[in-house]
Amino acid sequence: MRSSFVFLCVLAAGCVGGVGPVPGETTSAIIGGVTDTADPGVVLLFAQVPGAQSGSLCTAEVISPHVVLTAAHCVSPSEVGANAKFAVYATNDFNQATAAQTLAVKETHPNPTWDGNNLNAGHDVGIVILSAPTTIKPLPYNQSAMAQAMVGQAVRFVGFGLNDAAAQTGAGVKRQTSTVLTTYDNVLLHFSDGAHETCNGDSGGPAFMIIGGVETIVGVTSFGDVNCAQGGYDTRIDAEMAFITGFVTANDPSSSTPTPTPTPTPTPTPTPSTGGGDTGSGSPGTGGSPTTGQPGGPSSTAMAQLGERCTVDAECESNACGVGINGYTVCVTGANAANGTIGGCTVASGRSSDATGVALLLLAGALTLLRRRSRLQRA
């Protein structure tokens, strides 16, 4: 059986999750989530090659006055085009965004250690440097090592991605949903709840957890299954400090980002709510992540879940071990092995990059736009 890998991006990418409802929500379906009119620090990142009729949409988050965090594949020239131009939108709905909500971009930096042909190696994190400081309050991000006690804890995803993978609709509207952390390895966080998860366009979006009483970014959306129905994977933010903090220090030396206490306070499992660039010069964060390695194989006491490494069918909960990219084998859905793990989060859009309120036009149909990206596939 063979599984297909594609980035969870949608030229308007975004992946979702959540810790609990926030003020300003209305009932509406991220996958299994609600629309979000709060979370001003979560913004939309749009990339477009000059002259192109469509562009790439991802989710991102402000972490200091000049620095915005997203996924590497959302700003990588190999994914969005070598000459792509970027803009950040501080909006809740891309369809109604105005020029006043546009934040000009000075430069972008994908983590140089990220490999689009080896998604399981992680490091899918990128940086956007704004031309002028924003007054949006920066979001705290986790700078302490993940702890085993965090497994099973509540998580909140926020993103601008699809809310219906089958119909390929909904990208451009900010949504949030709640789930729990399934497990993690040296570079990735894994979420297995397919009913409450991220999808195309959510790429680069935050996974929040409560640490020391503060809602903190612990991951950014990276990849998942093409149908947005089997959960997905986020890049571990604490494993990327060598890359991230260099840009924050260089661009906002006086910026004070709260560093929550690393020991999480146990909380009960929540009840789900009803309701990609040009690289600048002089990059201070070229060191990449201090950690390396592939996710380990299944343990001897537990069967591997969807998307995790395997060698034979018997090692998977789904009883199906499929061949993935570069020969890696991962657990896939036995009934439909073609729906294996994919990567990236972007969605195609016909919107002009001048941010003057042109309606968002999602281009449905084609499932391949650029390498590891899909039009209206999961971000």
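Residues numbered from 1 in each chain as written. Predicted model: local features only at pLDDT ≥ 70, side-chain atom pairs only at ≥ 80, totals over all residues. Heavy atoms only, no water.

Focus on the overall build of the chain
Right, so step 1: Summing up its helical and strand segments, the chain has two helices and 19 strands in all.
Right, so step 2: By residue count, 59% of the 379 residues in the chain fall in the buried class.
Right, so step 3: Carbon and sulfur atoms provide 55% of the accessible area of the chain, an area that totals close to 13,000 Å². (Helix = DSSP H or I, 4+ residues; strand = E, 2+ residues; numbered from the N terminus. Buried < 20%, exposed > 50% of the residue type's maximum accessible area, 1.4 Å probe, protein only. Areas by Shrake-Rupley, 256 points an atom, 1.4 Å probe, with all protein chains shown as cover.)

Here's the deal with the packing of aromatic side chains
Right, so step 1: Applying the stated rule across the entire model yields five aromatic pairs.
Right, so step 2: Ring centres 5.3 Å apart and planes at 45 degrees place the aromatic pair Phe 46 and Phe 94 in the tilted group. Within this pair, whereas Phe 46 is found in strand S3 (residues 42-48), its partner Phe 94 is found in the loop between strand S6 (85-89) and strand S7 (102-110), the two being separated by 48 residues in sequence.
Right, so step 3: On the basis of relative accessibility, which here comes to 0%, the residue Phe 46 falls in the buried class.
Right, so step 4: Residues Phe 223 and Tyr 233 carry aromatic rings whose centres are separated by 4.9 Å and whose planes lie at 15 degrees to one another, so their mutual orientation is stacked. Within this pair, whereas Phe 223 is found in strand S14 (residues 214-225), its partner Tyr 233 is found in strand S15 (residues 232-236), the two being separated by ten residues in sequence.
Right, so step 5: The structure contains a cluster of three or more aromatic residues connected by ring pairs, namely Phe 46, Tyr 89 and Phe 94. (Phe/Tyr/Trp six-rings, centres within 6.5 Å; stacked < 30°, edge-to-face > 60°.)

Remarks on the state of the cysteines
Right, so step 1: Summed over the entire model, instances satisfying the criterion amount to two disulfides.
Right, so step 2: What pairs with Cys 58 in a disulfide is Cys 74, and their sulfur atoms sit 2.1 Å apart. Residues Cys 58 and Cys 74 share a disulfide whose torsion about the S-S bond is about -85 degrees; that sign makes it left-handed. In this pair, Cys 58 is assigned in strand S4 (residues 55-62) and Cys 74 in the loop between strand S5 (67-70) and helix H1 (77-80), connecting sequence segments 16 residues apart. Taken individually, Cys 58 and Cys 74 each receive the classification buried, so the pair is uniform in this respect.
Right, so step 3: Linked covalently through their sulfurs, Cys 199 and Cys 228 form a disulfide whose S-S length is 2.0 Å. Negative torsions about the S-S bond denote left-handed disulfides, and the value of about 75 degrees found for Cys 199 with Cys 228 makes this one right-handed. Here the residue Cys 199 occupies a position in the loop between strand S12 (188-191) and strand S13 (206-211), and Cys 228 occupies one in the loop between S14 and S15, the gap between them amounting to 29 residues. Accessibility classification places Cys 199 together with Cys 228 in one group, the buried group. (Disulfide = S-S within 2.5 Å.)

A short note on the environment of Asp 193
Right, so step 1: When you line up the elements, Asp 193 lands in the loop between S12 and S13.
Right, so step 2: Using a relative accessible area of 25% as the deciding quantity, one classes Asp 193 as partly exposed.
Right, so step 3: Beyond its immediate sequence surroundings of up to four residues, Asp 193 is in contact with Ser 178, Thr 179 and Gly 231.
Right, so step 4: A polar atom in the side chain of Asp 193 sits 3.0 Å from the backbone nitrogen of Ala 195.
Right, so step 5: Of note is the side chain of Asp 193, whose polar atom sits 3.1 Å from the side chain of His 196. (Contact = heavy atoms within 4.5 Å. Polar contact = N/O pair within 3.5 Å; in protein donor to acceptor, adjacent residues only side chain to side chain.)

Observations concerning the side chain of Asp 252
Right, so step 1: Along the chain, the position of Asp 252 falls in the loop between helix H2 (241-251) and strand S16 (321-323).
Right, so step 2: The buried charged residue Asp 252 lacks any salt bridge partner; its closest oppositely charged side chain belongs to Lys 106, at an N-O distance of 10 Å.
Right, so step 3: Here His 66 takes part through its side chain, which lies 2.7 Å from a polar atom of the side chain of Asp 252.
Right, so step 4: Residue contacts for Asp 252: discarding those within four places in its chain leaves Ser 64, Pro 65, His 66, Val 67 and Phe 247. (Lys, Arg positive; Asp, Glu negative; His and termini not counted. Salt bridge = Lys/Arg side-chain N within 4 Å of Asp/Glu carboxyl O.)

Considerations on the environment of Val 220
Right, so step 1: Mapped onto the fold, Val 220 is located in strand S14.
Right, so step 2: Separated by 17 residues in the primary sequence, Val 220 and Ser 203 have C-alpha atoms spaced 7.2 Å apart.
Right, so step 3: Once residues lying within four places of it in the same chain are set aside, the contact partners of Val 220 are Glu 61, Leu 69, Thr 70, Asp 124, Gly 204, Gly 205, Asp 234, Thr 235 and Ile 237.

What to know about H2
Right, so step 1: Those residues of H2 that fall on the buried side of the exposure criterion are Met 241, Phe 243, Ile 244, Gly 246, Phe 247 and Val 248.
Right, so step 2: Turning to H2, the residues buried within the fold contact S5, S7 and strand S8 (126-130).

Re the nonpolar core
Right, so step 1: Ranked by internal contacts, the top residues of the largest apolar core, which has 27 residues, are Ile 63, Leu 69, Ile 127, Tyr 141, Ile 237 and Ile 244.
Right, so step 2: Every element with two or more residues in this core is listed here: S3, S5, S6, S8, S14 and H2.
Right, so step 3: In terms of residue count, H2 provides more of this core than any other element does, five residues in total. (Core = buried A, V, L, I, M, F, W, Y, C linked by side-chain atoms within 4.5 Å.)

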